[in-house]
Protein chains: 4
Amino acid sequence: MLSGVIPPVCTPLTPDHEVDVGSLVRLVDHLLGGGVDALFVLGSSSEVAYLTDAQRRTVLETVAGHVGGQVPVLAGVIDMTTPRVLEHAGVAVAAGASGLVVTAPFYTRTHPEEIRVHFRTVAARGGLPVYAYDLPVSVHTKLSADLLLELAAEGALAGLKDSSGDDGGLREVIMRRREPFSVLTGSEVTVDSALWMGADGVVPGLGNVDPQGYVELYRRARRGDWAGARAEQERLVRLFEIVRVGGARMGGSSSGLGAFKAALHLRGIIDCPVTALPQIPLNDDETRRIGKLLEDAGLL
Amino acid sequence: MLSGVIPPVCTPLTPDHEVDVGSLVRLVDHLLGGGVDALFVLGSSSEVAYLTDAQRRTVLETVAGHVGGQVPVLAGVIDMTTPRVLEHAGVAVAAGASGLVVTAPFYTRTHPEEIRVHFRTVAARGGLPVYAYDLPVSVHTKLSADLLLELAAEGALAGLKDSSGDDGGLREVIMRRREPFSVLTGSEVTVDSALWMGADGVVPGLGNVDPQGYVELYRRARRGDWAGARAEQERLVRLFEIVRVGGARMGGSSSGLGAFKAALHLRGIIDCPVTALPQIPLNDDETRRIGKLLEDAGLL
Amino acid sequence: MLSGVIPPVCTPLTPDHEVDVGSLVRLVDHLLGGGVDALFVLGSSSEVAYLTDAQRRTVLETVAGHVGGQVPVLAGVIDMTTPRVLEHAGVAVAAGASGLVVTAPFYTRTHPEEIRVHFRTVAARGGLPVYAYDLPVSVHTKLSADLLLELAAEGALAGLKDSSGDDGGLREVIMRRREPFSVLTGSEVTVDSALWMGADGVVPGLGNVDPQGYVELYRRARRGDWAGARAEQERLVRLFEIVRVGGARMGGSSSGLGAFKAALHLRGIIDCPVTALPQIPLNDDETRRIGKLLEDAGLL
Amino acid sequence: MLSGVIPPVCTPLTPDHEVDVGSLVRLVDHLLGGGVDALFVLGSSSEVAYLTDAQRRTVLETVAGHVGGQVPVLAGVIDMTTPRVLEHAGVAVAAGASGLVVTAPFYTRTHPEEIRVHFRTVAARGGLPVYAYDLPVSVHTKLSADLLLELAAEGALAGLKDSSGDDGGLREVIMRRREPFSVLTGSEVTVDSALWMGADGVVPGLGNVDPQGYVELYRRARRGDWAGARAEQERLVRLFEIVRVGGARMGGSSSGLGAFKAALHLRGIIDCPVTALPQIPLNDDETRRIGKLLEDAGLL
């Protein structure tokens, strides 16, 4: 059962917006070197919504190939509906992924019964264990505990990545699960409390920037050093401030993903901080402020 | 400048969910025979969100090939962000489409400035005239009149397909436009009033089922027979009741697209009424009720 | 059955935010002099959400008393739930109002069945005919045609004020109504088309500023001069631009109600353009731009 | 500074929907006997949205009078805008309340700057310390950490009742506060983790039913027995299942408030479980299931 620190891997791009394979490999080494337990590629933090199918394939093959089975590699198969998700699943299987991360359908007007059919179908035909990705900010529906537990009970779901921000709901799933069902929080700032409630792991976008921090947090929690876990979490909460530097003049994707990439660039891990179109780039002043926050966190 | 009746062409599927090319060709002939002015493929009514890229290409090539330039063929290039939309645009250009229909980005958290960059970029690199597709129910942002008119003024947009249901907003765009800018309503049930306000045409999903009806409505309006246009519109409003037969036990896509396909099947135009996964199929009773509504409308 | 032009009467305030009774009486005379068919007090345009109960009572008694039965006076009884609405209804009955305008419950998390109970209860105990006020932007639920028609059939509703902006839905109600059921649009900018569809009247906030305009529009439509009605509507659409002058630096209430009051002040009808707290006041430049739009419309 | 367990007191009603003063007094004694640190009247759990102003006053005077200064009594002053909130504040001051609980404006379309003006004005003129009530499910705006901390810094806010369910946001406020600023979670099911993060107290609706449980949870946390706190929290999570018994056939208010009252009635604390209109009552079977959950929790 999947557990521990599973960062959603950023996708470094070249100045002309192609996948920067060299930087991606360095980023993977940086994460593995930080002690992470698995990797998640092609999630929101990977700019999956902005990558062409060819680019998605490049990312998947690069990471799965470079990791070579050292740790599990989960693949996001983010698309609007079942048939399109199944296409991505085929690519993930071929590349050697360990599991699929699947959202509810989006763009379409979807009924709960259709969401159930969606997950069941991907589970039946996708060829890999399925992790539900609860991300209402993107797909505009919330996965209910009842639906998740029903799908878990019938074997259609291996786990949950919860990026809903609703820790009461997360706790309900944890307490009511009967089957082995991996519960992972997608929140960067409530990892200690999620682990405290019984979550199995964390998928932190900020873990790209500071994997050691999240690994340390996780290890402290696992050995019962909750005060130590909290101290580390609070350091990471202060670091997480980088995602707000872009502020109100751009959307949350631009501001958050731009900050992660700016930080990775400032730390020398990737060659170029560019984000995909139509995201707004951070300016020099904003990048300087991110650098200052990295310094405060002991990362520069 | 695009005008008249431009139905968004349904995508007939085989029982195993492949594109039914024979039925699609018959549907195109049915629409052309009904006197429509152009076709729009790969929109919401085409189940574009449910088609794989290969299926999208098949649809586009089939329709553009069969039409052979008799009328313009607009191509929906529906995807989450600019790079993915540009991929679809390349396919549309190759297939001989006449224009691109483009929504705001979705799934990502998008800022108005990013929406502006998105349309500008697709206009600059897409290779075909761009029609903005305002569809808040799917993309969760509304395109403002200010943004649309600014993009029109700089030549980035050739027109608007307005499926927002906001006829006050539609009127504002019509009254404030300065450039040639084609305004098309996507509403099936307010076509006479949209034309009355100065709209150039209509993109009615229900036009698959009754293209003659919409063509007649349009012609009456154009020759100033507004009372006649309203009478025809009211007949079509009653027919539109078919989209609600599926009711509360399924989502709006299942109920609406299922109804269009059931009607096309009952009318003998397509071989199979199946819709793509994870949509819920209409049952026999619901199909019978759709048949009854077709009879009432003089279509069976 | 209620029909014609029924402006929602603004509530003039003194500089220290009390009801300015003298200005209110002058405004009522201005509206009656403009030829309106009825008045609606204590609606959104009256800043009902900002008035204390004592102020609401003052408004109601002032207007009903001054009108003295010349035209019907509808009273908004806007509050969160049934018991609070019934309190306001008692005041309205005592003041001599002709009907109650009632929204769905808000603030609470409401189920359709609870909305049904709400309207039925107010109808049974409110003491006056009930008009449903469909205002999703404020109450965050849309009243469905099915619910409205069911309540109309059982005699619980005398009519509908539709401020949802959904003219397709408006048309559905008009076409499906069987009982005498007054359908009024709350949109300032689609009055000609709503009347064209069969609506009985209009409740235009902008009618405070230019009652003659809406009365002329209505009369032209009623005598079949639709081109003339459209011309007048288009003039009013251009005037309606005043509500956007406050723009993005304030909310829609501040910008819209502030504009109506600034215009009434510039036209010499009310003594003071102040709006209630916490609305943001328009500044001098914005007021000047509103004056310019009034000039363009021939109102200054 | 306010801390500890501060239940939002339910409002018992008679079968004809009047405030049941005798039951209310018994409920207050039940809560005080359970060891709570303060009381919050006229919040969502008090059905404040359903009470007339006279009923609100009765509740406030009854509770403040009966408590007689033994513990602080916070008063919800829930209404749409500043002037109406100030009216309620006057009543609260007269009744001897210790503080005001204030939401963002609702029903109106509100801009962040207007929310700021609203809180500042209530703080300046309300006559009592103000606690911000963050309740997006009801008011449809989220209070940002920046706004809260700015208002705290200028002395306009004494604290926060956070019912947003966003524990990441809660933590941000806790970590960034500089002034004495009381942070209270409104979530029944994440109290241990909120206290872990540094929250000062909890305002649990479920605390009506089991005040001893929340007091015990709080005491264990305060003396550092976090495992004990979690065990008690998990027992309360299972008990919280009562709010879902009403399920999908009613709204969340009906289901949740109905369950609290049914439980208080089954435990013999209040005379009648009725909720205010237009809420849907629980049926006998649902009440039985609530009784079963109370037994499981050792409360019957």
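Located above this text is the structure these notes cover.
Residues numbered from 1 in each chain as written. Chains lettered and ligands numbered in written order. Predicted model: local features only at pLDDT ≥ 70, side-chain atom pairs only at ≥ 80, totals over all residues. Heavy atoms only, no water.

A. Fine view of the overall build of chain A. Within chain A one finds 12 helices and 8 strands. Here chain A has a C-alpha radius of gyration of 18 Å; the compact-globule value for 300 residues is 19 Å, and the two agree. With the C-alpha coordinates aligned to their principal axes, the bounding extent of chain A is approximately 50 × 45 × 40 Å. Buried residues in chain A amount to 66% of all 300 residues. Counted over contacts in chain A with a minimum sequence separation of 6, partners at least 24 positions apart contribute 69%. As presented, chain A carries roughly 9,500 Å² of accessible surface, and 50% of it is formed by carbon and sulfur atoms. (Helix = DSSP H or I, 4+ residues; strand = E, 2+ residues; numbered from the N terminus. Rg over C-alpha atoms; globule rule 2.2 N^0.38 Å. Buried < 20%, exposed > 50% of the residue type's maximum accessible area, 1.4 Å probe, protein only. Contact = heavy atoms within 4.5 Å. Areas by Shrake-Rupley, 256 points an atom, 1.4 Å probe, with all protein chains shown as cover.)

B. Main features of the interface of chain B and chain A. Counting from both sides, the interface comprises 46 residues of chain B and, opposite them, 46 residues of chain A. Roughly 3,800 Å² of surface becomes buried between chain B and chain A when both sides are summed, with 61% attributable to carbon and sulfur atoms. Our count for the contact surface shared by chain B and chain A stands at 4 salt bridges. Note that Asp53 of chain B is salt-bridged to Arg84 of chain A, the shortest N-O span being 2.9 Å. Here chain B and chain A share 18 residue pairs in polar contact (both at pLDDT 80 or more) between them. (Buried area = accessible area lost by both parts, 1.4 Å probe. Salt bridge = Lys/Arg side-chain N within 4 Å of Asp/Glu carboxyl O. Polar contact = N/O pair within 3.5 Å; in protein donor to acceptor, adjacent residues only side chain to side chain.)

C. Main features of the sheet that holds strand β7 (residues 182–185) of chain D. Residue and element names in this part refer to chain D. Reading across the sheet, the 8 strands line up as β1-β8-β7-β6-β5-β4-β3-β2 and stay open at both edges, with parallel pairing between neighbours. What marks the edges here is a single partner per strand, and that holds for β1 (4–5) and β2 (39–41). Where helix α2 (residues 53–67) meets the sheet, its contacts fall on β2 and β3 (73–76), and the angle it forms with β2 comes to roughly 160 degrees. (Pairing = 2+ DSSP bridges. Axes fitted to C-alpha atoms, helices over the stretch in contact; angles between N-to-C directions.)

D. Structural detail: the sheet that holds strand β5 (residues 130–134) of chain B. All names here are of chain B. Spatially, the 8 strands line up as an open sheet ordered β1-β8-β7-β6-β5-β4-β3-β2, and their pairing is parallel. Two strands close off the open sheet at either side, each with one partner strand: β1 (4–5) and β2 (39–41). Both strand β3 (residues 73–76) and strand β4 (residues 99–102) contribute to a ladder of 3 bridges, which runs parallel. Bridging from a neighbouring strand, Leu74 pairs with Gly99 of β4.

E. Looking closely at the relation of the copies chain D and chain A. Expressed as a screw operation, the relation of chain D to chain A combines 0.0 Å of axial shift with a rotation of 180 degrees, fitting to an RMSD of 0.0 Å. As the rotation angle and translation indicate, the two copies are arranged about a two-fold axis. (Least-squares fit on C-alpha atoms with pLDDT ≥ 70 in both.)

F. Examining the packing of aromatic side chains more closely. Per the counting criterion, the structure on display carries 16 aromatic pairs over all chains. Judged by centre distance (4.8 Å) and plane angle (45 degrees), the ring pair of Phe106 of chain C and Tyr107 of chain D falls under tilted. Taken as a pair, Phe106 of chain C in the loop between β4 (99–102) and α4 (112–125) and Tyr107 of chain D in the loop between β4 (99–102) and α4 (112–125) lie in two separate chains rather than in one. By relative accessible area, which is 2% here, Phe106 of chain C ends up buried. In textbook terms, an aromatic cluster arises when at least three aromatic residues are bridged by ring pairs, as seen for Phe106 and Tyr107 of chain A together with Phe106 and Tyr107 of chain B. The side chain of Arg230 of chain B reaches across the aromatic face of Trp196 of chain C, ending 4.0 Å from its centre. (Phe/Tyr/Trp six-rings, centres within 6.5 Å; stacked < 30°, edge-to-face > 60°. Lys NZ or Arg CZ within 6 Å of the ring centre and 35° of its normal.)

G. Region of interest: the arrangement of the chains. Nowhere do chain A and chain C come into contact; their C-alpha atoms are at least 13 Å apart. Spatially, chain B is disjoint from chain D: no contact exists, and the shortest C-alpha separation is 13 Å.

H. Local environment of the pattern of salt bridges. Following the criterion strictly, the structure yields 96 salt bridges over all chains and no others. Across the salt bridge formed by Glu286 of chain B and Arg249 of chain B, the nearest N and O atoms sit 2.8 Å from each other. Here Glu286 of chain B, found in helix α12 (residues 284–296), pairs with Arg249 of chain B, found in the loop between α10 (226–240) and α11 (252–266); they are 37 residues apart in sequence, far enough to count as distant. Looking at Arg249 of chain B, the relative accessible area reads 35%, which means it is partly exposed. A salt bridge links Arg220 of chain D to Glu232 of chain D; its shortest N-O distance comes to 3.9 Å. Pair noted here: Arg220 of chain D is in helix α9 (residues 211–222) and Glu232 of chain D is in helix α10 (residues 226–240), with a separation of 12 residues, a long-range link. Classification of Glu232 of chain D by relative accessible area gives buried; the value is 10%. One salt-bridge network, in which partners are shared between bridges, spans Asp53, Asp79 and Arg84 of chain A together with Asp53, Asp79 and Arg84 of chain B.

I. The arrangement of the pairing of strand β6 (residues 159–162) of chain B in detail. All names here are of chain B. Burial of the side chains of β6 extends over both faces: Gly159 and Lys161 are buried on one face and Leu160 and Asp162 on the other. Here 4 bridges tie β5 to β6, and the two strands are oriented parallel to one another. Note on β6: the bridge partner recorded for Ala132 is Leu160. Relative to strand β7 (residues 182–185), β6 is paired through 4 bridges, and the arrangement is parallel. Bridge pairing links Asp162 to Thr185 in β7. On the question of chirality, the crossover connecting β6 to the parallel β7 by way of helix α7 (residues 167–176) is right-handed. (Right-handed = clockwise from strand over helix to strand, strands pointing away.)

J. Highlighting the nonpolar core. Counting residues in hydrophobic clusters, the biggest one holds 467 residues, and the most contacted among them are Ile242 of chain A, Ile242 of chain B, Ile242 of chain C together with Ile242 of chain D. For Ile242 of chain C, the contacting residues outside a window of four places in its chain are Leu206, Val209, Ser255, Ala259, Phe260, Ala263, Ile290 and Leu293 of chain C. (Core = buried A, V, L, I, M, F, W, Y, C linked by side-chain atoms within 4.5 Å.)

K. How the structure looks around the interface of chain D and chain A. With 22 residues of chain D in contact, the opposing surface of chain A contributes 22 residues. In total, chain D and chain A occlude about 1,900 Å² of area from one another, counting both sides; carbon and sulfur atoms represent 58% of this. Looking at the side of chain D facing chain A, the largest losses of area belong to Arg171, Met175 and Trp196 of chain D, adding up to 36% of the total buried there. Across the pair Asp192 of chain D and Arg171 of chain A runs a salt bridge, and its minimum N-O distance is 2.7 Å. Our enumeration of links across chain D and chain A arrives at 10 residue pairs in polar contact (both at pLDDT 80 or more). Breaking the side of chain D that touches chain A down by element, the ones donating at least two residues are α7 (167–176), α8 (191–197) and α10 of chain D. If one sorts the elements of the side of chain D that touches chain A by residue count, α10 of chain D sits on top with 7 residues.

L. Summary view of the state of the cysteines. One pass over the structure, following the stated rule, counts 0 disulfides over all chains. Cys272 of chain A carries a free sulfur, and the closest cysteine sulfur to it, the one in Cys10 of chain A, is 13 Å from it. (Disulfide = S-S within 2.5 Å.)

M. Structural detail: the relation of the copies chain B and chain A. Rotating chain B by 180 degrees and moving it 0.0 Å along the rotation axis overlays it on chain A with an RMSD of 0.0 Å. The share of interface residues of chain B whose copies in chain A are also at the interface is 100%, consistent with both copies meeting through the same surface.

N. Summary view of the packing of helix α1 (residues 21–33) of chain D against α2 of chain D. Residue and element names in this part refer to chain D. In contact at an axis separation of 10 Å, α1 and α2 are set at 45 degrees when each is read in the N-to-C sense. In terms of orientation, α1 lies oblique with respect to α2. Where α1 crosses over α2, the two elements pack in a sense that is right-handed. Of α2, the residues touching α1 (which contributes Val21, Leu24, Val25, Val28, Asp29 and Leu32) are Thr58, Val59, Thr62, Val63, His66 and Val67. Here the residues of the contact of α1 with α2 sort into 8 nonpolar, 3 polar and 1 charged. (Parallel < 35°, antiparallel > 145°, perpendicular 65-115°, else oblique. Left-handed = near helix turned anticlockwise from the far one by under 90°. Nonpolar A, V, L, I, M, F, W, Y, C, P; charged D, E, K, R; others polar.)

Keep in mind that these numbers describe shape and distance, not what the molecule does.
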